[in-house]
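# Summary of structural features
What follows is each chain in one-letter form.
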Amino acid sequence: MSASTKLSTAVKALSYLAASAPDPKTSTEIAEQIGVNASKLRKILSYLVKSKIVISTQGITGGFTLNKSPDQIHLQEIYCSVEERKAFHMDFTGINGKSVSQTKKLNNFFLQLFADIQVDIEDRMRLITLKSVIEQIKS
């Protein structure tokens, strides 16, 4: 699952939990409501629980609930929770007879470029709350 798909799925799930608050919802209920695969959603929910964005309760009336209000949850926090790796993989072996050092220099160029873009994206996401996303979806 790509980063954008994970983020989108997480935001949909969190939006549903916000609308359902304070009632806990099971992963199956959430998956059905937002139209995603339940097993993929459970993985995303586990990341959100680990990051303390969501609380998981056991038992017959258990399920998932938000741990914070939507105005205290930022997209950057959600993104960092669900994205397993942000670093870009670069191959340092020679390409078409070019030396490893040339390849490494080119890869370092792109690695730095993508790292700078990643920082810009996360800085912008810090300014967007779940609440603002929910409000935009409603309008």
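All of the points below concern the structure found in this document.

Rules of the game
- Counting restarts for each chain: residues are numbered from 1 in the order of the written sequence.
- In keeping with the predicted nature of the model, local features appear solely for residues at pLDDT of at least 70, side-chain atom pairs appear and are counted solely at 80 or more, and the whole-chain, interface and lining totals rest on all residues.
- Hydrogens and water are ignored here; the side-chain numbers use all heavy atoms of the structure.
- Only runs of H or I of at least four residues qualify as helices and only runs of E of at least two qualify as strands under DSSP, and these elements are numbered from the N terminus.
- Residue burial is assigned from relative accessible area. The probe radius is 1.4 Å, only protein chains are included, and a residue is buried under 20% of its type maximum, exposed over 50%, and partly exposed in between.
- Here, two residues are considered to be in contact whenever any of their heavy atoms come within 4.5 Å of each other.
- Methods summary: accessible areas were calculated by the Shrake-Rupley approach with a probe of 1.4 Å, and residue burial reflects only the protein chains presented.
- Our arc is simply the arc of the directions from the helix axis toward the C-beta atoms.
- Salt bridges are defined as contacts in which a side-chain nitrogen from Lys or Arg sits within 4 Å of a carboxyl oxygen from Asp or Glu.
- Note on definitions: angles span 0 to 180 degrees between N-to-C directions of axes, and those axes are lines fitted to C-alpha atoms, for helices only across the stretch in contact.
- For a crossing to be left-handed, the near helix must be turned anticlockwise from the far one by less than a right angle; the clockwise case is right-handed.
- Side-chain classes are defined by residue name, with Ala, Val, Leu, Ile, Met, Phe, Trp, Tyr, Cys and Pro counting as nonpolar, Asp, Glu, Lys and Arg as charged, and the others, Gly among them, as polar.

### Concerning the overall build of the protein
Across its full length, the protein carries 6 helices and 2 strands. Shown N-terminal to C-terminal, the secondary structure of the protein runs as helices and strands in the order α-α-α-β-β-α-α-α. Scored against the burial criterion, the 139 residues of the protein give a buried share of 34%. A separation threshold of at least 6 residues defines the contact pool for the protein, and within that pool the share at least 24 residues apart is 61%. Put simply, the protein shows about 8900 Å² of open surface, and 55% of that area lies on carbon and sulfur atoms.

### Here we look at helix α2 (residues 27-34)
Along α2, the residues that are buried comprise Ser27, Ile30, Ala31 and Ile34. Along the long axis of α2, the arc covered by the buried residues comes to 100 degrees, so they all point the same way. Opposite the buried face of α2, at more than 90 degrees from it, the exposed residues are Glu32 and Gln33. Following α2 by one or two positions, Gly35 adopts a phi angle in the positive range, close to 75 degrees.

### Focus: the pattern of salt bridges
In the structure shown here, the tally under the stated rule is 2 salt bridges. Ionic pairing is found between Lys68 and Glu77, a salt bridge with its closest N-O pair at 2.5 Å. Across the pair Asp123 and Arg126 runs a salt bridge whose closest N-O atoms are separated by 2.7 Å.

### Observations regarding the environment of Ser56
Looking at the element boundaries, Ser56 is found in strand β1 (residues 54-57). The partly exposed category is assigned to Ser56, whose relative accessible area is 32%. As for Ser56 and Thr26, which are separated by 30 residues in sequence, their C-alpha atoms are 9.1 Å apart. Once residues within four sequence positions are removed from consideration, Ser56 is found in contact with Val49, Gly63 and Phe64.

### Section: the packing of helix α3 (residues 38-50) against helix α4 (residues 75-82)
The N-to-C vectors of α3 and α4 enclose an angle of 115 degrees; their axes lie 8 Å apart at closest approach. Classified by chirality, the crossing of α4 by α3 is right-handed. Between α3 and α4, the residues in contact are Ile44, Tyr47 and Leu48 and Ile78, Ser81 and Val82, respectively. Considered class by class, the residues forming the contact of α3 with α4 number 5 nonpolar, 1 polar and no charged.

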